[in-house]
Amino acid sequence: MAIRYGITGGTAKAISASVERAVTEGALEPGAALPPVRRLADDLGVSPGTVATAYKELRQRGIVVTRGRGGTVVAEGPGVASRRPPKVPEGLRDLAGGHPDPALLPELVPPVRLSPGSRSHRSVPRLPRLEETVREWLAADGVPAGHVTFAHGALDMIGRLLSVELRPGDAVAVEDPGYHHLLDLVTALGLRTVAVAVDDEGMRPEALRAALREGVRAVVCVPRAQNPYGGCFSAARRDALAGVLCEAPDVLVIENDFATEIAGAPLHSVTGAGLARWAHVRTVTKFLGTDLRWAAAACDATTLARHDGRLLLTSGWVSHLLQETVLGLMVDAATSALVGRAREAYARRRRTLIDELGRHGIAAHGASGMNVWVPVRDESAVVNGLRSHGWWVAAGARFRIGSAPGVRITTAALPTSDGARLARDFAAVLGESQATYGG
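The name given to the protein chain in an unreviewed UniProt entry is Aminotransferase class I/II-fold pyridoxal phosphate-dependent enzyme, and the organism recorded there is Streptomyces triculaminicus.

In structure tokens:
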């Protein structure tokens, strides 16, 4: 009977409420199958249409997903609790946060000309000077800049794009390992993640093709400074991925170029390859300041209209004060020089650690960006072992879906003089781990 599922009710609203209650209380766990529509209708004494309406409402709210012949199952809950990084223990060097070096960020000074707060900016949501600067910024890297828009950060932009394009239960191709906050966001939207393996050149074409065969409706990829693996598209990889994506013209391709000026690698973007639906997203938090919650995107005309339509119904526009601050920094010569020094420092620190690890026979990945990914057998053993040496690194579990274990080390604030010591400690920990766990 229906009671074994914890489902009761005589109306669609009551049935959906009982399912949600069972999910919240843990009686129905993620992945649990709900009874077929007709069976539940018979058990509850209602029409199949009533149950179908209840299931539809649950799908729209992201509580359940439909998997074709696999039926309707409880969706995976947002992984925020499991993926949230643990607090850094007192007294340890924090190499886990993924943050830029504060010493290489410019001082944030509010603009002299303050925006009048009593006037609505919905008619002119983007400052014309900043919009023109963004177009030049994008075009310099070969990104088509005919249609641009702004948002409150890269994840805000990506979340809005996914929410207007997809419906709960739809699938999104994401990198594995990939950015943990993005993985949480996709799940929180009620969408299903399909893992795409990455290497030093980013997404693997054959893995992307397999994801498209699974019916994904969107692809989110990072063209350089991939987090946590550090991969970056080569020209050849860009061309191969573009060839795969052009086979699926209805799929929305979101390219998250979050590191831009400090990535330490040129941009090879898929956006100029004739894709029908696409968006190239950029932010400035990694090189101008983490408090500058602003992002820009170039996209096709349809994607622009859908994004801006939803933005208009919510916040309406990005603060003009924020836009003025970003513009002032982007056109300031001293800031540009500081960003150039940061780019060189991050590349030097990243390469130093990889080279030092290599001297001990430890393979590591980090072709661009601020992070180094080190494959290991036992993440906990390595994290705890390095903790005993005074280092705090990130276990790879929160970045992974099905990929092999590893740890992420943020090298942004790691002086080159400390790279050798960290590598020695890493090698010692691996030796201890082998002795403890039998290799």
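Within strand β15 (residues 406-410), 5 of the 5 residues are buried, leaving the element largely enclosed by the surrounding structure. In β15, alternate side chains face the same way, and those of Gly-406, Arg-408 and Thr-410 on one face and Val-407 and Ile-409 on the other are all buried. Pairing between strand β12 (residues 371-375) and β15: 5 bridges, direction antiparallel. Considered in β15, the bridge of Val-372 is made with Ile-409.

Okay, the pattern of salt bridges next. Applying the stated criterion to the full structure yields 21 salt bridges. Here Arg-126 and Asp-308 are joined by a salt bridge, their closest N and O atoms 3.3 Å apart. Taken together, the residues Arg-126 in the loop between β3 (93-94) and α5 (128-139) and Asp-308 in helix α10 (residues 301-313) connect sequence positions 182 residues apart. By relative accessible area, Arg-126 is classed as buried at 17%. The partner of Arg-400 in a salt bridge is Glu-379, with the nearest N and O atoms 2.9 Å apart. Of this pair, Arg-400 sits in the loop between β14 (394-395) and β15 while Glu-379 sits in helix α13 (residues 379-388), and the two are 21 residues apart along the sequence. Where salt bridges share partners, they join Arg-126, Glu-131, Arg-135 and Asp-308 into one cluster.

With that settled, the discussion passes to the sheet that holds strand β6 (residues 192-199). With mixed pairing, 8 strands are arranged side by side in an open sheet as β4-β11-β10-β9-β8-β5-β6-β7. Each having just a single partner strand, β4 (148-151) and β7 (202-203) make up the two edges of the open sheet. For strand β8 (residues 218-221) and strand β9 (residues 252-257), the ladder comprises 4 bridges, and the chain directions are parallel. Looking at β9, one finds that Val-219 is bridged to Val-253. Each of β4, β5 (171-176), β8, β9, β10 (278-283) and β11 (295-299) touches helix α6 (residues 154-165); the most contacted strand, β9, lies at about 175 degrees to it.

What counts, and at which threshold
- Residues numbered from 1 in each chain as written.
- Predicted model: local features only at pLDDT ≥ 70, side-chain atom pairs only at ≥ 80, totals over all residues.
- Heavy atoms only, no water.
- Buried < 20%, exposed > 50% of the residue type's maximum accessible area, 1.4 Å probe, protein only.
- Helix = DSSP H or I, 4+ residues; strand = E, 2+ residues; numbered from the N terminus.
- Pairing = 2+ DSSP bridges.
- Salt bridge = Lys/Arg side-chain N within 4 Å of Asp/Glu carboxyl O.
- Contact = heavy atoms within 4.5 Å.
- Axes fitted to C-alpha atoms, helices over the stretch in contact; angles between N-to-C directions.

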